[in-house]
Amino acid sequence: DMYAHETICQPPATKKVEEKLYTGEELQQIKKNLFGDEDDKTNFLFFVRWNKLFRKKLFVDNLQYTDDRIKLGDDVCATAAAVYDSQSIYFLRTPLYYYRRREGSITTISFKSEEIDNAVILIDCLNKLLSEKGFMTEFICFKEPAWHIVYLLRKIIDGDKPYKTKKENLFELRQHNLVKTYDIKAAKKYISAKQYWAIVLLKSKMYAFLIFLGKKSSR
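Residues numbered from 1 in each chain as written. Predicted model: local features only at pLDDT ≥ 70, side-chain atom pairs only at ≥ 80, totals over all residues. Heavy atoms only, no water.

Peer 1: Quick question: what am I supposed to make of the nonpolar core here?
Peer 2: One recurring pattern in soluble globular proteins: nonpolar side chains tend to sit buried together. In this structure, Phe-35, Leu-153, Leu-173, Tyr-182, Ile-191, Ile-199 and Leu-202 are the most contacted members of the largest nonpolar core, which totals 56 residues. Counting residues per element, this core draws most heavily on helix H5 (residues 138-158), which supplies 10 residues. (Core = buried A, V, L, I, M, F, W, Y, C linked by side-chain atoms within 4.5 Å. Buried < 20%, exposed > 50% of the residue type's maximum accessible area, 1.4 Å probe, protein only. Helix = DSSP H or I, 4+ residues; strand = E, 2+ residues; numbered from the N terminus.)

Peer 1: Please explain the environment of Asp-75 as it appears in this structure.
Peer 2: Relative to the helices and strands, Asp-75 is located in the loop between helix H2 (56-60) and helix H3 (76-85). For Asp-75, a relative accessible area of 14% puts it in the buried group. Spatially, the C-alpha atom of Asp-75 lies 9.2 Å from that of Trp-50, the residues being 25 residues apart in sequence. Contact partners of Asp-75, with chain neighbours within four places excluded, come to Phe-47, Val-48 and Arg-49. (Contact = heavy atoms within 4.5 Å.)

Peer 1: Just to check I follow, could you spell out the side chain of Gln-195 for this structure?
Peer 2: If you trace the backbone, Gln-195 turns up in helix H9 (residues 193-203). Ignoring anything within four residues of it in the chain, the contact list for Gln-195 reads Lys-143, Ala-146, Trp-147 and Val-150.

Peer 1: What is the right way to read the confidence of the model for the protein chain from this model?
Peer 2: Low-confidence regions, as indicated by low pLDDT, have predicted coordinates that should not be scrutinised in detail. Averaged over the protein chain, the pLDDT score is 85; the fraction of residues at 70 or greater is 83%. Taken element by element, the predicted model of the protein chain shows its lowest mean pLDDT in helix H10 (residues 209-217) (75) and its highest in helix H8 (residues 184-187) (97). (pLDDT = per-residue confidence, 0-100.)

Peer 1: I would appreciate a short explanation of the packing of aromatic side chains in the present structure.
Peer 2: For any pair of aromatic rings, geometry is given as the distance between the ring centres together with the angle between the planes. Here the structure, examined in full by the defined rule, presents 10 aromatic pairs. Ring centres of Tyr-84 and Phe-135 lie 4.4 Å apart, and the angle between their planes is 20°; this geometry places the pair in the stacked category. Pair noted here: Tyr-84 is in helix H3 and Phe-135 is in the loop between helix H4 (114-133) and H5, with a separation of 51 residues, a long-range link. Look at Phe-142 and Tyr-190: their rings are 5.5 Å apart centre to centre, the planes differ by 5°, and that puts the pair in the stacked class. Of the two residues, Phe-142 sits in helix H5 while Tyr-190 sits in the loop between H8 and H9, which places them 48 residues apart along the sequence. Take Tyr-190: its relative accessible area is 4%, and that puts it in the buried class. Three or more aromatic residues link up through ring pairs in this structure, and these residues are Phe-139, Phe-142, Tyr-182 and Tyr-190. It is Lys-20 that lies over the ring of Tyr-22; its NZ or CZ is 5.1 Å from the centre. (Phe/Tyr/Trp six-rings, centres within 6.5 Å; stacked < 30°, edge-to-face > 60°. Lys NZ or Arg CZ within 6 Å of the ring centre and 35° of its normal.)

This is how it looks when you write it as structure tokens:
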């Protein structure tokens, strides 16, 4: 990652993968664990296009799993579909790409209400993709929404808006079907402890307490 003040840092890999060519059963195992697994609930593949090279056909053949309404995370479904259809993958650990991070970009701006619906559309696209590719599991069914809920939660808490606005945003997220229909009891065995307690607090009457916890964790 390259920042505005010209500081460069290499982000840690989300999965510790050996540098080599993967085919056959090894590749199949990678595909099964793209979203992590029950033994490692915090780990998953980094679903972005910028650190990967694909054959064009892998994208063209999977356009049905994309949606123009997705503004944040629009590369997730295309990347996942391309990985699932790959016959071989080579992992290279040498950093060859500089990703410029700047203030005001879509990934750094404060929370906006439409991001909740964006997450719902993205989850629907992923569910269709995973079901048709034969990789949908109960683990992913709970893991994927949890990741989005906690991401939105963190964006609200870490944003630069005043306390009152953050509280209103948390209430809005709490009242959305994405959160209201999420079965946290059934999800407990599939998600990390941090995700579980964050969603429990969000769904409770103590949801505003999350702002205070966010301030403490950032010190």
